[in-house]
Each structure stands twice: as C-alpha cells, then as structure tokens.
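# Understanding the architecture of this molecule
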Amino acid sequence: MKNNKIVIFVLILLIAVALYFFSTQSSGSGSANKEAKSDFAIKDTASIDKIFIVDAKGQSVTLSKSDGAWLVNEKYTARPDNIRLLMKTFSRIDMRSPVPKAAENNVVKKIATNATKVEIYQGGNKPSKTYYVGGPTKDHQGTYMVLETQGVISSVPYVMYIPGNPGYLTTRFFTEPEQWRDAVVFKTLPQQIKQIAVTFHDAPEESYFIKNKEGEFSLFAAGSVVPLNVNSDQLMDYVSRYQRIYYEMIDVESAQEKMDSIVNSPPFITLTVVDLSGEENKMELRHMPNFRGIMSNEDKEFEFDVDRMYGHLNGNLFTYVQYATFDQITLPKSYFIVEN
C-alpha cells in the first residue's frame, strides 16, 4: 500500500510538471523566458546534507549525511565512490543547449512520464534544487533535464552535460538502495578484532581461528586450545588485511529461486570476524560456474569461474566477490606454520 501511494504521488507530481510546462509555453514567450531556469550546478557541495531520489516507478532512496558520513536510508554506510560521483555531477553540471522549440513538447511528455526526481538539500526541510532527469539525447552526449528552485519549476527543459565527460547523466541517479551501499565486507582494525575464524569445508585440516589477547594474536587449529608455532609478524600482517575487504557488487538481477538454490548449497570457505564489542561479520564463499567457458593452458575448461565467486554476507546479502580480493585472507593453516 505504501509503495502504491508513492507511485501515485510521483505520477501526479510529474503530470503537474507537464501541465505547468504546457501552460507557461502557451501563455507567451515572455512568461516562459521569465521562468526559464538553467542554473543546475551547486558549487558548495560540502553544504549538501541530504539527497532524495525517486523514479517514475516509485522506487526511492534517501542519502543523508550524519557526522560527516553518508548513509543510505539512514541505515547503511553509503558507497564513497558513488557519493563522490554525485558531488562531481552537482558541481560540474552545465547546460549544453536549450531544447529546440520544435522538440519541447515531446521532451516534456517524456519527462512527465519517465523522469527521475532528484531533491538536493543544503540544510532545512526544503530542497535547494530539484532536478527532473529525463533520458539521453540521440547522440547520448547530453541529458534532458528540468530544474526547480524555490518551489518554481522552469518553463524550459535543457540539455545538460558534464564538460569533458562524454555520456549522459541519467544512470548516475539510480534508486536501488543496495547499489548505494558501501561494498564493505570486513573493515576492522587489528586492535578492534577479538577473533577470526577461517573454515575450509573441503579441507577441514586447514581450518583455524585467531584470537586476540591483550593485543597479542595467536593462531589455533580448529577445535584446539593449544596455539600453534607461527611467525608473529606474518600473522599480524594477515590480521591487518581485514581492514579493507570489499565485495564487487550485489546481485539484484537473479531470481530469488536461483539465489536460494545457491545459498542452500554448501560453501567451500567461511570467514567470520568478531570484534571486541561482540559484533560478528560472516562471509560464506561459494564457487561460481564457469559461465564464460574459460580454458586452462592445457585447453581444458575450468570447472568454476577463475575470477569470481558468490559471497553470502551475514546471511542476507547475496554478492559477487573477486578472488583477487579474497585470496589474501583465504590462506590455509599450513601457510602460517613455522617448522621447528
């Protein structure tokens, strides 16, 4: 019911925008020029504290800044590179050209039915600027957009772009909350770690766990209480790697049945990190089929993908992860052992 209300609200709003365009255009060129707005850029992006994005289907996301950090729907840390791209867009966006008069009505109709609305807040409860983002131009080097400021919508749509950056801007304003989330899996400083457990389900003899006791780390075989003889510098280097482990992307396209089938299959590695506050992060890794048919040097097709695997984070987030990232922390117990 709530989603339906959002859809209805957005459609009514966009229809109102279209009616406003038509009424101002029909009232005479003087009135239309008076309400033309093309000052989309925001130079002081540091003052932006909230961004609300909603598409024509009613899907929305709220990005808000709290204590200098950006959050997604006030719940998850936002992905820094996506936020940086938005701020770059807001600061550098410029008008490439007005929409030709002959094409205005057609552009307005498309914006009225398919636009993404972007509200930009710089303090207060009202947006300082609102973008209505339409589709790309025929050459895909510009984006049809309309600006609203101080509650007044421009009577003229414009073709907007980023100077020096070819391409259109529509895709920068996506509404899937999962795609805005920071791609972090493990981001814990060594001094904050209580325990790390690495389980090799296909080779249990290589499984182990690492404990932090007053800043000193020890490695134990799975199920043992006797610490193993390891190189302490090597172990510390390994523990420090848990500050910067990220997944590649969230799977938002696969059917739920497919994801359920994969999750119900046994993982081949499980990584669990518990911090000093008792919070646990667990990543289960599963092989990905070799969909691309990658061949070995012996012209034999690999059984599994050699670059990526499935990652199931904390039992609720289905992701793709890269071996290049996880190889540094999926080391076997034998890697650490020092022979007497």
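Residues numbered from 1 in each chain as written. Predicted model: local features only at pLDDT ≥ 70, side-chain atom pairs only at ≥ 80, totals over all residues. Heavy atoms only, no water.

## Here we look at the overall build of the chain
A tally of regular secondary structure across the chain gives eight helices and 20 strands. Expressed as a percentage of its 340 residues, the buried residues of the chain come to 43%. A separation threshold of at least 6 residues defines the contact pool for the chain, and within that pool the share at least 24 residues apart is 62%. Total accessible area computed for the chain in this model is approximately 18200 Å², and 51% of it derives from carbon and sulfur atoms. (Helix = DSSP H or I, 4+ residues; strand = E, 2+ residues; numbered from the N terminus. Buried < 20%, exposed > 50% of the residue type's maximum accessible area, 1.4 Å probe, protein only. Contact = heavy atoms within 4.5 Å. Areas by Shrake-Rupley, 256 points an atom, 1.4 Å probe, with all protein chains shown as cover.)

## Let's talk about the nonpolar core
Ranked by internal contacts, the top residues of the largest apolar core, which has 34 residues, are Tyr238, Tyr242 and Phe326. For this core, the leading source of residues is strand 12 (residues 193-200), giving four residues. Once you skip the residues sitting within four places of it in the chain, phenylalanine 326 turns out to touch Val185, Ile245, Tyr246, Leu271, Met283, Leu285, Met309 and Val321. Counting 29 residues, the second-largest nonpolar core is a separate cluster that includes Val72, Leu86, Val156 and Leu169. (Core = buried A, V, L, I, M, F, W, Y, C linked by side-chain atoms within 4.5 Å.)

## Let's talk about helix 3 (residues 80-92)
Look at helix 3: 18 Å from first C-alpha to last across 13 residues, which is about the 18 Å you get at 1.5 Å a residue. For helix 3, the set of buried residues is Asn82, Ile83, Leu86, Met87, Thr89, Phe90 and Ser91. Here the buried face of helix 3 lies against strand 1 (50-54), strand 2 (60-66), strand 3 (69-72), strand 6 (116-121), strand 7 (129-136) and helix 5 (177-180). (Expected span 1.5 Å × (residues − 1).)

## What to know about the layout of surface pockets
Put simply, the largest pocket is a space of about 580 Å³. In terms of lining, the largest pocket is formed by 19 residues, of which the most central are Val184, Val185, Glu279, Asn281 and Asn314. Of all the secondary-structure elements, those providing two or more residues to the lining of the largest pocket are strand 4 (76-77), strand 11 (184-186) and strand 17 (269-275). By residue number, the principal contributor to the lining of the largest pocket is strand 11, which donates three residues. Grouping the amino acids of the lining of the largest pocket by side-chain chemistry returns eight nonpolar, six polar and five charged. (1 Å grid on protein atoms, 1.4 Å probe; cavity = no way out; pocket = protein on both sides within 12 Å on 5 of 7 lines; lining within 4 Å. Points joined across faces, edges and corners; volume = space filled by probe spheres on them. Nonpolar A, V, L, I, M, F, W, Y, C, P; charged D, E, K, R; others polar.)

## Examining the sheet that holds strand 17
Taken together, eight strands build an open sheet; the order of strands is 14-13-12-17-18-19-20-16 and the sheet is antiparallel. Whereas interior strands pair on both sides, the edge strands pair on one side only; in this sheet they are strand 14 (216-221) and strand 16 (249-250). As paired strands, strand 17 and strand 18 (residues 280-289) are joined by six bridges and run antiparallel to one another. Across the sheet, residue isoleucine 269 finds its bridge partner in strand 18, namely leucine 285. Sitting on the sheet, helix 6 (residues 232-240) touches strand 12, strand 13 (208-213) and strand 14, and the angle it makes with strand 14 is about 95°. (Pairing = 2+ DSSP bridges. Axes fitted to C-alpha atoms, helices over the stretch in contact; angles between N-to-C directions.)

## A word on the pattern of salt bridges
Enumeration according to the criterion identifies 10 salt bridges in this entry. Here glutamate 104 and lysine 101 are joined by a salt bridge, their closest N and O atoms 3.7 Å apart. Of this pair, glutamate 104 and lysine 101 both sit in helix 4 (residues 101-114), separated by three residues, roughly a single helical turn. Using a relative accessible area of 57% as the deciding quantity, one classes lysine 101 as exposed. Between arginine 308 and glutamate 248 there is a salt bridge, with its nearest N and O atoms 2.6 Å apart. Note that arginine 308 is positioned in strand 19 (residues 304-313) and glutamate 248 in the loop between strand 15 (245-246) and strand 16, a separation of 60 residues in sequence. (Salt bridge = Lys/Arg side-chain N within 4 Å of Asp/Glu carboxyl O.)

## Here we look at the packing of aromatic side chains
Applying the stated criterion across every chain yields a total of 14 aromatic pairs. Taking 5.5 Å as the distance between ring centres and 75° as the angle between the ring planes, the aromatic pair formed by tyrosine 238 and tyrosine 242 counts as edge-to-face. Considered together, tyrosine 238 and tyrosine 242 belong to a single accessibility category, that of buried residues. Joined through ring pairs, the aromatic side chains of Phe186, Tyr208, Tyr238, Tyr242, Tyr335 and Phe336 make up one cluster. Stacked on the ring of tyrosine 121, the Lys or Arg lysine 50 has its end atom at 4.3 Å from the ring centre. The aromatic ring of tyrosine 76 is capped on one face by arginine 181, whose charged end is 3.6 Å from the ring centroid. (Phe/Tyr/Trp six-rings, centres within 6.5 Å; stacked < 30°, edge-to-face > 60°. Lys NZ or Arg CZ within 6 Å of the ring centre and 35° of its normal.)

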